Amino acid sequence: MKKKPQDHQPTKKQQQLEDFKVNHEGKDLTTDQGTKVSNTSESLKAGQRGPTIMEDFHFREKVTHFDHERIPERVVHARGFGAHGYFQVYEPLTDITRAKFLQDPNVKTPVFVRFSTVVGSRGSADTVRDVRGFATKFYTEEGNFDLVGNNMPIFFIQDAIKFPDLVHAIKPEPDNEIPQASAAHDTFWDWVVNNQETTHMIMWLLSDRGIPRSFRMMEGFGVHTFRLVNEQGKARFVKFHWKPKLGVHSLTWDEAQKIAGKDPDFNRKDLWDAINNGEYPEFELGLQIIEEEQEFDFDFDILDATKIWPEEQVPVKIVGKMTLNKNQDNFFAETEQAAFHMGNVVPGIDFTNDPLLQGRLFSYLDTQLLRLGGPNFHEIPINRPIIQYYNNQRDGFHRMTIDQGKVAYFPNSIRQNYPMPQPGKDGGYEHYQEKVEGRKVRTRSESFNDHFSQARLFWNSMSPAEKKHIIKAFHFEVGNVMDKKIRQKVVDLFNQVDGNLAREIAKGIGVEPPTKKNTMSITATSPALSQENTVKTPQTRKVAILIDEGFNYNEFRQVIVGFQKNGVHSEVISKTLSPVNSEEGDQIEPQKSYANSHSVIYDGIYIPGGQHVENLIGHKEAKDFVNDAFAHAKPIGATNQALDLLTNTLVQNIAYTNDHNGQVYSNLGVVTVNDSQDLTEFNSAFIEAIAQHR
Ligand code: HDE
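The shown structure was predicted, so the numbers you read here are calculated from the model rather than taken from an experiment. (Residues numbered from 1 in each chain as written. Predicted model: local features only at pLDDT ≥ 70, side-chain atom pairs only at ≥ 80, totals over all residues.)

**Regarding the confidence of the model for the protein chain**
To keep it simple, the criterion reads: Confidence scores labelled pLDDT are given residue by residue by the predictor and lie between 0 and 100. Each residue is represented by a C-beta atom placed from its backbone, and any two residues with such atoms within 7 Å are regarded as in contact.
The share of residues in the protein chain with pLDDT of 70 or more is 98%, and the mean pLDDT across the chain is 96. Predicted confidence is poor over residues 1-6, with pLDDT under 50, and the contacts of this stretch with residues over four places away or in other chains come to 9 contacts. On the interface metric, ipTM, the complex scores 0.96, and its pTM is 0.97.

Right, dumping it as structure tokens:
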């Protein structure tokens with residue numbers, strides 16, 4: 001996981017950004033005009049106790065700037081976090097696209113990625129149940145290409161004209177602006193029962209995908225069907241995927257809710273820390289490709305954004321890898337001012353008639369004109385391409401470039417028509433010449449009408465644990481709906497997905513089970529949909545180690561070494577932050593105390609043996625740590641005397657606490673050993689449990 005030093009080489013984009021950076025270290029304070037300031041803590045007054053006077057240019061500048069320092073937050077995806085990196089293709093993709101950045105495995109294309117939640121405001125918590133945005137800007141030698149995706153492969157609606165309705169329904173209700181960052185309220189579920197096309201997306205949203213453990217452990221999807229076009233002009237349909245090298249992992253709902261209070265920045269901090277630690281998040285780019293001739297070979301319409309292309313039917317071809325290797329320097333300048341747009345494409349990548357995509361092609365530029373204050377936001381450092389752009393667009397708020405000469409029109413003879421459009425063979429973007437013909441109609445294709453088959457496929461593909469989580473999520477989300485009629489309609493709607501699902505939902509929300517249970521016996525599954533089949537690794541997991549006066553240092557040290565070998569992080573937690581003495585006399589300074597940590601922040605816990613265990617047994621917080629970790633099915637490790645702590649917690653019936661004779665015992669993620677000073681075997685069993693996560 002640790003990267004070699006050459007990975008720190010700044011990309012071309014990172015070098016470009018250097019020109020805009022300002023280092024304030026050791027500098028004199030000046031006004032925005034460069035005049036040195038003598039006092040910035042007292043305003044200029046007429047007499048010591050008199051009024052502040054207009055003449056105080058420094059006061060006016062300082063306060064005016066402050067008064068104007070907020071910009072509108074994004075209307076959706078307001079809360080986000082970005083990082084820099086690069087992308088490299090594994091093999092030339094010449095056969096399928098002419099896009100230059102997909103031709104040469106030696107080329108590192110700079111990227112900036114912004115992960116986000118959708119519904120909450122900028123200050124909302126990271127771990128709410130929601131879709132996550134996964135937007136990538138590739139700064140290619142042919143201009144910027146933005147892949148503006150989500151962590152779920154489908155969407156709520158089929159036509160972009162419904163987007164304002166959807167968002168009004170899911171955002172806080174307009175009379176009292178409640179609830180924040182949540183779909184668990186009447187207007188959203190009223191929307192759902194009146195829009196059957198949303199059914200499939202609800203299955204994803206209420207699954208574990210809605211509460212990712214980490215941005216580093218989510219898949220990303222372009223959602224829409226795009227086109228790739230090669231040099232010969234041959235086009236194919238494509239869907240874009242990002243596959244995280246660490247696998248796809250989630251929190252539990254109880255954890256997610258508690259983390260929202262304990263550490264609302266949980267996901268952004270996780271990304272920031274991983275990059276700072278040199279554990280660069282990696283995502284492989286995958287393509288699903290359908291030949292034009294096969295457009296109608298499927299039992300779904302490939303232009304319908306509420307449908308996946310099951311991976312077992314259309315395999316995902318892995319074509320390259322993105323590595324995020326640098327944190328931003330300034331959140332506002334980079335993450336907040338980043339502007340993504342599907343319309344930012346390069347030759348070789350093209351659109352289809354997906355009606356959701358078509359609408360998005362309008363919306364992003366439009367909203368950014370307002371959010372970033374005019375038509376020149378492409379000049380903001382984070383948004384600039386790495387190549388110079390030339391055209392006759394001029395003026396507008398905050399124009400930065402000084403465009404020389406009198407000509408700002410085309411055609412012209414004064415400058416021999418320059419800057420000059422170029423034909424496709426010389427790199428000009430030429431839209432794919434798809435044949436389109438039809439009457440002007442406000443209708444939807446009948447091929448978009450099946451709203452339940454894939455929702456059922458998703459349900460059928462879940463493991464028993466994943467199904468349980470979905471049912472519980474329904475109980476929480478729909479249980480918060482006041483209007484009983486809406487709750488009843490939810491049950492009736494999901495009866496069309498699966499009769500048992502509907503019955504289970506009904507049980508928790510005080511309404512009748514479906515009158516006529518759906519007994520449809522379609523059992524097709526898609527294993528790729530279940531997170532149980534994902535990559536499992538201990539790398540970058542974070543374990544809490546509980547210690548008190550008189551812990552056993554020898555055991556502590558052996559486990560730490562085991563962690564380090566396997567890329568597992570740990571934090572030592574005790575009553576206070578004061579140094580703690582081991583039995584052997586070694587001193588350890590805890591990183592956290594019970595007052596400022598909680599088991600939900602960690603992926604597992606370990607308790608070494610030693611006399612300290614008696615103290616731990618007396619600490620409610622230490623027992624809470626164990627009980628909570630157990631309730632969340634996290635790995636718990638305990639060695640020698642520490643088993644006595646477990647017998648004082650909910651773990652008592654799971655942990656094998658007697659007569660170990662030095663044998664390691666592992667049961668439901670609880671790993672113990674007694675009578676053993678050599679923890680080699682314990683370490684491998686505990687690391688394995690950490691890799692399994694739950
Ligand atoms: Fe967005 N979406 N969206 N969206 N979207 C925005 O653009 C919109 C949709 C996505 O990190 C907005 O600059 C419409 C699908 C991401 O800055 C806005 C429709 C997918 C981000 C907008 C959709 C997305 C946005 C708000 C229905 C996944 C954050 C601020 C057709 C493929 C990008 C902004 C970032 C942001 C409109 C549906 C992903 C209003 C009209 C489907 C990741 O323009």
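Here the narrative resumes.
**Here we look at the site of the ligand**
Note the cut-off: To decide nearness, the C-beta atom of each residue is placed from the backbone, and the residue is near a molecule or strand if that atom lies within 6 Å of it. A helix here means a DSSP run of H or I that spans at least four residues, while a strand means a run of E at least two residues long, and both kinds are numbered starting from the N terminus. Classes in brief: Ala, Val, Leu, Ile, Met, Phe, Trp, Tyr, Cys and Pro nonpolar; Asp, Glu, Lys and Arg charged; the others, Gly included, polar.
By nearness alone, 26 residues border the ligand, and Arg74, His77, Gly133, Ala160 and Val223 come closest of all. Within the residue set of the shell around the ligand, elements represented by two or more residues are strand E2 (109-117), strand E3 (132-140), strand E4 (143-150) and helix H9 (355-371). Counting residues per element, the shell around the ligand draws most heavily on H9, which supplies 7 residues. By residue class, the composition of the shell around the ligand is 13 nonpolar, 10 polar and 3 charged.

**So, the nonpolar core**
Defined as follows: Each nonpolar core reported here comprises buried Ala, Val, Leu, Ile, Met, Phe, Trp, Tyr and Cys residues connected via C-beta atoms within 7 Å. As a rule, residues whose C-beta atom has 12 or fewer other C-beta atoms within 10 Å are exposed, those with 20 or more are buried, and those in between are partly exposed; C-beta atoms are placed from the backbone.
Judged by nonpolar contacts, the single largest core of 159 residues is most densely connected at Val490, Leu546, Ile605 and Val626. With residues near it in sequence (within four places) discarded, Ile605 still touches Val543, Ala544, Leu546, Ser599, Phe625, Val626, Ala629 and Ile636.

**Remarks on the pairing of strand E9 (residues 317-327)**
Applicable threshold: Whether two strands pair depends on DSSP finding at least two bridges between them.
Sheet topology places strand E1 (residues 80-89) next to E9; 7 bridges connect them, and they run antiparallel. Bridge pairing links Gly85 to Leu324 in E9. Note that strand E8 (residues 282-291) and E9 share 6 bridges and pair antiparallel. Bridge pairing in E9 links Leu285 to Gly320.

**With respect to the packing of helix H12 (residues 484-494) against helix H13 (residues 499-508)**
Selection criterion: To get an axis, fit a line to the C-alpha atoms, keeping to the stretch in contact for a helix; angles then go from 0 to 180 degrees between the N-to-C directions. What sets the label is the angle itself: under 35 degrees gives roughly parallel, over 145 gives roughly antiparallel, 65 to 115 gives roughly perpendicular, and the rest give oblique. Handedness of each helix crossing follows the sense of rotation of the near helix against the far helix: counterclockwise by less than a right angle gives left-handed, clockwise gives right-handed.
As a packed pair, H12 and H13 sit with axes 8 Å apart at the nearest point and diverge in direction by 160°. Taken together, the axis directions place H12 and H13 in an arrangement best described as roughly antiparallel. Where H12 crosses over H13, the two elements pack in a sense that is right-handed. Counting all contacts with H12, which are made through Val490, Val491 and Phe494, the residues of H13 involved are Leu501, Ala502, Ile505 and Ala506. Each residue belonging to the contact of H12 with H13 can be placed in one class, and the counts come to 7 nonpolar, no polar and no charged.

**Focus: the sheet that holds strand E11 (residues 542-546)**
Strand order in the open sheet formed by 7 strands is E15-E12-E11-E16-E17-E19-E18, with mixed pairing between adjacent strands. The sheet is open, and its two borders are formed by strand E15 (592-593) and strand E18 (665-667), each paired with just one other strand. Sheet topology places E18 next to strand E19 (residues 670-673); 3 bridges connect them, and they run antiparallel. Within the sheet, the bridge partner assigned to Ser666 lies in E19 and is Val671. Its contacts with the sheet place helix H18 (residues 680-692) against E11, strand E16 (604-607), strand E17 (636-639), E18 and E19, and it is angled at close to 175° to E19.

**Focus: the UniProt feature "binding site: heme" (unreviewed entry) in the protein chain**
Formally: UniProt positions are given in the numbering used here, feature names are shortened, and annotations may be inferred rather than shown by experiment.
Per the UniProt record, "binding site: heme" (unreviewed entry) is annotated on Arg74, Arg114, Phe163, Arg360, Tyr364 and Arg371. Mapped onto the fold, Arg74 is located in the loop between helix H2 (57-67) and E1. Under the C-beta neighbour-count criterion, Arg74 is labelled buried, with 20 such atoms within 10 Å. Relative to the helices and strands, Arg360 resides in helix H9. Under the C-beta neighbour-count criterion, Arg360 is labelled buried, with 21 such atoms within 10 Å. Beyond its immediate chain neighbours, meaning those up to four positions away, Arg360 contacts Ala160 and Met342.

**Re unusual backbone geometry**
A cis amide bond links Phe410 to the next residue, Pro411, at an omega of -5°. Tracing the sequence through the fold places Pro411 in the loop between H9 and helix H10 (453-461). In the segment running from Tyr418 into Pro419, the intervening peptide bond is cis, with an omega of -5°. Relative to the elements of secondary structure, Pro419 occurs in the loop between H9 and H10. Even without glycine at this site, Ala181 takes up a positive phi of about 55°.

**Section: the pairing of E2**
In terms of residue burial, E2 counts as a mostly covered element, since 9 of its 9 residues are buried. Burial of E2 is two-sided: the residues Thr109, Val111, Val113, Phe115 and Thr117 facing one way and the residues Pro110, Phe112, Arg114 and Ser116 facing the other way are all buried. As paired elements, E2 and E3 share 7 bridges and run antiparallel to each other. Across the sheet, Arg114 pairs through a bridge with Ala135, a residue of E3.

**Digging into the domain arrangement of the protein chain**
To be explicit about the condition: The start and end points of each domain follow an automatic or database-based domain assignment.
Segmentation of the protein chain into domains returns domain 1 (80-153 + 212-383), domain 2 (454-532) and domain 3 (536-692). The distance between the C-alpha centroids of domain 2 and domain 3 comes to 38 Å.

**As for helix H14 (residues 553-565)**
Selection criterion: To estimate the expected span of a helix, subtract one from its residue number and multiply by 1.5 Å. Regarding the arc, it is the one traced by the directions from the helix axis to the C-beta atoms.
End to end, H14 covers 18 Å across 13 residues, agreeing with the expected 18 Å (1.5 Å per residue, within 8%). Those residues of H14 that sit buried are Glu555, Phe556, Val559, Gly562 and Phe563. The arc enclosing the buried residues of H14, seen along the axis, measures out at 130°, which places them on a common side. Projecting away from the buried face of H14 at angles above 90 degrees are the exposed residues Val561, Gln564 and Lys565. Where H14 ends, the next residue or the one after it, Gly567, has phi of about 70°, a positive value.

**Description of the packing of helix H4 (residues 186-194) against H12**
The contact between H4 and H12 brings their axes to 9 Å, and the two run at 40°. Judged by the angle between their axes, H4 and H12 are oblique. In this structure, H4 crosses over H12, and the sense of that crossing is left-handed. Between H4, through Asp186, Trp189, Asp190, Val192 and Val193, and H12, the contact on the second element is made entirely by Ile486, Lys489, Val490 and Leu493.

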